[in-house]
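Given next are the chains, with one letter for each unit.
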Amino acid sequence: MTGVGLKVYYDLMSQPSRAVVLFLKANNIPFTPKPVALRKGEHLGEEYGETNPFHLVPAIDDNGFKITESVAILKYLADKHQVPDHWYPKDLKKRAQVDSYMAWQHLNLRMFGAMVFRTKVIIPRETGEPMDTKKLAEFEVQLETCLDKIESILLGKRPFLAGDEISVADLLGICELMQAYAVGHDVFRGRPKLDAWAKRVQARLQPHFDQAHIHLLKLRERFPPSAKF
Amino acid sequence: MAGLKVYFDLMSQPSRAVVLFLKANKLQFTPKPIALRKGEHMKEDFGAINPFRLVPAIDDNGFKLSESVAILRYLADKYQVSDHWYPKDLQKRARVDTFMAWQHLNLRLFGSLVFRTKVIDPRMTGKPIDKKKLAECETQLDICLDKIDTIFLRESSFLGGNEISVADLLGICELMQPYAVGHDVFHGRPKLDRWAKKVQQQLQPDFDQAHTFLFKLKEMFPPSAKL
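This structure is a prediction, so every number in the text was calculated from the model and none was measured.

(A) Molecular detail of unusual backbone geometry. In the segment running from A:Val57 into A:Pro58, the intervening peptide bond is cis, with an omega of 0 degrees. Among the structural elements, A:Pro58 can be located in the loop between helix H2 (46–51) and strand S3 (59–62). For the bond from A:Gln206 to A:Pro207, the omega torsion is 0 degrees, close enough to zero to count as cis. Position of A:Pro207 relative to the elements: it lies in the loop between helix H8 (192–205) and helix H9 (208–217). Backbone geometry places B:Lys26, a non-glycine residue, at a positive phi of 50 degrees. Locating B:Lys26 in the fold gives a position in the loop between helix H1 (13–24) and strand S2 (30–33). The class of B:Lys26 is exposed, set by a relative accessible area of 71%. You will see that B:Glu67, though not glycine, has its phi angle at about 80 degrees, which is positive. By the secondary structure assignment, B:Glu67 is in the loop between strand S4 (63–66) and helix H3 (68–79). Taking relative accessible area as the criterion, B:Glu67 reaches 16% and is therefore assigned buried.

(B) Quick peek at the sheet that holds strand S4 (residues 65–68) of chain A. All names here are of chain A. Pairing is mixed in the open sheet, where four strands are placed in the order S2-S1-S3-S4. Both outer strands of the open sheet, strand S2 (32–35) and S4, are each paired with one neighbouring strand and no more. For this sheet, the mean angle separating the axes of adjacent strands, direction not counted, is 20 degrees. Relative to S3, strand S1 (residues 6–10) is paired through four bridges, and the arrangement is antiparallel. Within S3, the residue paired with valine 8 across the bridge is isoleucine 60. Sitting on the sheet, helix H3 (residues 70–81) touches S1, S3 and S4, and the angle it makes with S4 is about 135 degrees.

(C) Inspection of the environment of B:Asp142 at higher detail. Residues and elements named next belong to chain B. Tracing the sequence through the fold places aspartate 142 in helix H6 (residues 131–152). In this structure, the C-alpha to C-alpha distance between aspartate 142 and phenylalanine 110, residues 32 residues apart in sequence, is 8.9 Å. Only 3.0 Å separates the side chain of aspartate 142 from the side chain of histidine 183, close enough to count as a polar contact.

(D) Inspection of the packing of helix H4 (residues 90–102) of chain B against helix H7 (residues 166–180) of chain B at higher detail. All names here are of chain B. Viewed as axis vectors pointing N to C, H4 and H7 meet at an angle of 25 degrees, and their least axial separation amounts to 9 Å. Classed by the angle they form, the pair H4 and H7 counts as roughly parallel. For the crossing formed where H4 meets H7, the hand is left-handed. In contact with Val96, Phe99 and Met100 of H4, H7 contributes Val166, Ala167, Leu170 and Gly171. Its residues assigned to classes, the contact of H4 with H7 shows six nonpolar, one polar and no charged.

(E) Layout of the packing of aromatic side chains. Residue and element names in this part refer to chain B. Applying the stated criterion to the full structure yields 16 aromatic pairs over all chains. Residues phenylalanine 99 and phenylalanine 152 carry aromatic rings whose centres are separated by 5.1 Å and whose planes lie at 80 degrees to one another, so their mutual orientation is edge-to-face. With phenylalanine 99 in helix H4 and phenylalanine 152 in helix H6, this pair connects stretches of sequence that are 53 residues apart. Pair check on accessibility: phenylalanine 99 and phenylalanine 152 agree, each one buried. Measuring from ring centre to ring centre gives 6.0 Å for tyrosine 179 and phenylalanine 215, while their planes differ by 75 degrees; the resulting arrangement is edge-to-face. Pair noted here: tyrosine 179 is in helix H7 and phenylalanine 215 is in helix H9 (residues 206–215), with a separation of 36 residues, a long-range link.

Cut-offs and rules
Numbering of residues begins from 1 in every chain and follows the order in which that chain's sequence is written. Chains carry letters from A onward and ligands carry numbers from 1 onward, assigned in written order. Since the coordinates come from a predicted model, pLDDT governs what is reported: local features require at least 70, and pairs of side-chain atoms require 80 or more to be given and counted, while whole-chain, interface and lining totals use all residues. The basis for the side-chain values is all heavy atoms of the structure; hydrogens and waters are excluded. Helix and strand definitions here come from DSSP, where helices need a minimum of 4 consecutive H or I residues and strands a minimum of 2 consecutive E residues; each element is numbered from the N-terminal end. Working definition: with a 1.4 Å probe on protein chains only, accessible area under 20% of the residue-type maximum means buried, over 50% means exposed, and in between means partly exposed. Two strands pair under a simple rule: DSSP has to find at least two bridges between them. Axes, fitted as lines to C-alpha atoms, cover a helix only where it is in contact. Angles between the N-to-C directions of the axes lie from 0 to 180 degrees. Any two residues whose heavy atoms approach within 4.5 Å are treated as being in contact. Pairs of N or O atoms within 3.5 Å make up the polar contacts considered here, provided that, within protein, one atom can donate a hydrogen while the other can accept it, and that residues adjacent in sequence are counted only when both atoms are side-chain atoms. By definition in this entry, angles of less than 35 degrees are roughly parallel, angles greater than 145 are roughly antiparallel, angles of 65 to 115 are roughly perpendicular, and the rest are oblique. In a left-handed crossing the near helix is turned counterclockwise from the far helix by less than a right angle, and in a right-handed crossing that turn is clockwise. Note on residue categories: nonpolar means Ala, Val, Leu, Ile, Met, Phe, Trp, Tyr, Cys or Pro, charged means Asp, Glu, Lys or Arg, and polar means any other residue, Gly included. Classification of ring pairs uses Phe, Tyr and Trp, with its six-membered ring standing for Trp, and accepts pairs whose centres are within 6.5 Å; under 30 degrees between planes counts as stacked, over 60 as edge-to-face, and the remaining range as tilted.

Printed below as a string of structure tokens:
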């Protein structure tokens, strides 16, 4: 699509990239897709650095206004495009619950889900060496703690991560969860609420959810589910 | 007693940011100090306020909230403070939000790890500082500080734009943590240095009061200019 003022730089292997793309598709917001292949180092070049000096995805260029960080991007797009209120509620208290999840997730589900993925897939690919099983075990334990917190604290009394309706928090959450799931981490075992939530969110986002996760989920063939917990 | 209860520990960077915001805007609150070093965050009644057992947390007339970024946004919007703290303009707001998102896995993570490795782990285990781990964390912290100096502060005098905002409160409090344990944060970073002085000045005398306990550590950790 040419000429659309909102350019979106993303890689579908990146969890926050998928969250931004899913938000745009779920709300029928037109955008010019600008894929950036991380595995080929396309994010490291000087040209991409002019769009995003942090050399990360996702990033957007909205008619010349450039921002990075998926949480900032989702908030900006939700407020700018006046999407249905549940995505990022105007009510201060409801909004604060969405903000709370979006803040918590960086050093929790995002960090440990990403470290499990990195240790199983990225580092062996980059170094040619076998997986560091000791490090992997440490990250898996931390990831399990995060998943337990989501199950018992966040989803304990409500159907979505930040309240009674789906929001941008759930987009970030489901995409981060899929990263660990795709490399065989048994995320749903012993977690019926997490399981029900994931099915609910995926159903709401079809067919875009499946499309966004095609490449990632191919990894499941290499990493059968490991039920050691 | 004010209906807004604020649970905090002044040794916690995001706690200080929230307290500084309230004081800078003269907002009434009931202080509820939670001493992390005594494990007070693990007590049952605090679990009812914040099941994640972290500070800061607030209880605003029954509405409970955790995570400093969420708390700062909520308070800024609710109390309709001066616009620069959290601008209503979408693009200005997005700049503040960018720093507040980036900082978790960057300045916060590595500043905290340096602090933990130098102070908390030795205190908890009785063992000497793990120098290898410390060196790794310090290297990562320096990369973050360079990014702040060259990217966030490249064209603007504050982290989220040309006026002080909640981003600067988080930033200065996180920066003070490794600074307090001898990390030479300003060396070779003139923009960072200028920014820090400006922010501290705007927040006095509350800034010094909030950092009194933390800065006692400086006596134990003279500045190490090895980088």
